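Remarks on the overall topology
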Amino acid sequence: MRKKNVLLIVVDQWRGDTLPMLGHPVVKTPHIAALADEGVTFRRHYTQAVPCGPGRASLLTGLYMMNHRAVQNTIPLDARHTNIAFEVRKAGYDPALVGYTTTTPDPRVNAHSDPRFTVLGADMEGWRPVGSWGMKMEAYFAWLAAQGYALPENPWDIWLPQDMGPGEIGASRQASRVPAHLSDTVWFTDRGLDYLHGARRKPWFLHLGYWRPHPPFIAPAPYHEMYDPAQCPAPVRAASAQAEAQQHPLLRYYLENIQRSSFFQHGKGLGSQMDDAEVRQMRATYYGLMTEIDDQLGRVFAYLKETGQWDDTLIVLTSDHGEQLGDHHLLGKIGYFDQSYHIPMLIRDPSRAADGTRGTQVDHFTETIDTMPTLLDWLGQPTPRACDGRSLLPFVHAGAAPADWRTEVHYEYDFRDIFYSRPETALGLKMDECALAVVQDENWKYVHFAASAPLFFDLRRDPSQLDSVAGQPEYAAQQLVYAQKMLNWRLQHAERTLTGYAASPQGLRCRR
């Protein structure tokens with residue numbers, strides 16, 4: 001029997017529509033495109049939560065945010081939840097982590113003085129870190145110094161161009177100070193290859209994470225000028241931020257307080273929004289960062305082929321969340337628009353069972369919670385009862401969806417006043433009222449807020465989601481249907497770890 005390896009590639013803040021095989025007119029990722037030719041691409045794949053911590057919690061536990069409740073970066077993940085790493089250990093794997101999971105540990109089982117509580121998040125339990133860059137990137141900065149690179153007084157300034165200060169716009173045509181051969185993308189790749197060199201004699205499981213194309217939107221040469229801003233798509237948005245802000249109080253708050261570029265610059269007020277030229281330049285840099293990752297993945301794929309492991313390795317490529325990238329006058333991962341939640345999902349199964357689907361694309365709705373059951377299914381392991389997702393292998397092996405596959409997608413956002421922004425006080429809400437949930441299918445999108453008016457979009461007429469029809473009499477019956485869909489979803493997926501037991505667990509079988 002051939003050994004089974006798993007390579008789970010998780011990029012950060014990569015929009016689902018920015019892949020050449022999905023028709024993007026500009027982005028070039030030839031190695032990912034070649035991988036897609038040997039695998040299956042899921043066109044309508046969504047994360048269940050943003051930003052990083054909640055999205056990665058759903059990805060790695062298989063749980064909707066309403067169940068794992070790590071609702072924001074710095075919000076702890078309950079220690080009782082299992083995850084992919086714990087589950088594959090049951091199959092004899094020692095799962096390795098390159099990258100990060102942005103996980104805050106459970107304070108009920110850890111000392112309150114634990115330094116992991118002083119940062120945005122640390123490494124999730126169950127993984128063996130083999131390329132963690134530390135809680136504040138200190139491992140990467142130490143590596144730079146060991147390579148002879150002279151770090152500035154503030155190491156984070158390495159991404160700034162030489163003639164740019166931290167008070168200027170981050171999305172720039174200029175190259176970053178750090179050269180391409182010393183970039184964080186190269187560092188992650190080297191750590192992954194170091195691990196693979198040592199693991200090749202046994203079955204392995206590697207989470208290979210990348211920070212990019214996460215901000216700052218500044219790329220090393222030659223990637224900083226690889227794309228012409230004039231050729232980049234224009235943003236999808238209302239004519240003005242003022243017009244966009246009329247849609248909902250939360251959107252108005254963000255448009256009045258949003259970060260203007262990267263984490264180097266904050267600009268407040270509706271008048272400080274990025275103009276079309278700035279957005280296109282930011283997009284050109286963003287795409288350059290993607291191509292840099294693609295080049296580095298080419299090194300990893302080449303190594304697997306050279307060492308005879310290519311046909312033993314399941315490869316899954318996905319992201320934690322998307323990026324607004326100027327659409328709706330927004331930046332980052334935020335709110336309720338598709339750009340923040342639509343993410344890539346590509347599966348390349350080396351087995352003969354997948355030969356009939358190579359190079360195909362799936363139009364059914366799939367979710368990041370499906371990642372964990374897919375990996376366990378491929379390894380012949382059961383999916384935990386609590387898991388909300390379903391295996392995607394039927395699409396990969398049979399090329400068709402099960403008869404009862406979902407016809408809609410669900411995702412959530414919690415905007416409580418903790419770290420990045422402060423809408424709670426401004427909107428007059430209590431902490432647990434700062435929540436929204438979305439149900440969306442091909443034709444309609446319903447956004448329910450815990451303590452304010454909902455939004456409802458007719459996607460056939462308004463695919464860009466610029467004009468909510470919530471409350472309009474002619475849409476009232478249809479809006480009620482989707483409110484009921486959301487209630488049904490919550491009833492079906494609320495915590496159910498022990499609901500398969502009829503009585504005492506002694507001598508009884510769990511009904512799956």
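Everything that follows concerns the structure shown earlier in this document.
These notes cover the structure that comes with them. (Residues numbered from 1 in each chain as written. Predicted model: local features only at pLDDT ≥ 70, side-chain atom pairs only at ≥ 80, totals over all residues. Heavy atoms only, no water.)

Turning to the sheet that holds strand β8 (residues 360-367), a few remarks are in order. Strand order in this open sheet of 8 strands is β4-β3-β5-β1-β6-β7-β2-β8, and the pairing throughout is mixed. A strand with exactly one partner marks an edge of an open sheet, and here the two such strands are β4 (128-131) and β8. If you compare each strand with its neighbour and ignore which way they point, the axes differ by 20° on average. In this structure, strand β3 (residues 96-98) lies alongside β4, joined through 3 bridges in parallel fashion. Paired with Val98 across the strands is Gly131, a residue of β4. In the packing of helix α1 (residues 30-37) onto the sheet, the strands contacted are β2 (40-46), β6 (313-319) and β7 (345-348), and the crossing angle to β7 comes to about 60°. (Pairing = 2+ DSSP bridges. Helix = DSSP H or I, 4+ residues; strand = E, 2+ residues; numbered from the N terminus. Axes fitted to C-alpha atoms, helices over the stretch in contact; angles between N-to-C directions. Contact = heavy atoms within 4.5 Å.)

As a further point, take the pairing of strand β5 (residues 205-209). Most of β5 is tucked away, with 5 of its 5 residues classed as buried. Pairing of strand β1 (residues 5-11) with β5, which is carried by 5 bridges, proceeds in the parallel orientation. For Leu7, the partnering residue across the bridge sits in β5 and is Leu206. Strand direction decides the pairing type here: β3 and β5, joined by 3 bridges, are parallel. Looking across to β5, one finds that Val98 is bridged to Leu208. (Buried < 20%, exposed > 50% of the residue type's maximum accessible area, 1.4 Å probe, protein only.)

Now for the pattern of salt bridges. A complete count under the given rule lists 35 salt bridges for this structure. Note that Glu125 and Arg116 form a salt bridge whose closest N and O atoms lie 3.2 Å from each other. Classification of Glu125 as partly exposed rests on a relative accessible area of 44%. Its relative accessible area of 17% is what places Arg116 among the buried residues. Residue Asp338 pairs with Lys445 through a salt bridge whose shortest N-O separation is 2.8 Å. Here the residue Asp338 occupies a position in helix α10 (residues 338-341), and Lys445 occupies one in strand β11 (residues 444-449), the gap between them amounting to 107 residues. (Salt bridge = Lys/Arg side-chain N within 4 Å of Asp/Glu carboxyl O.)

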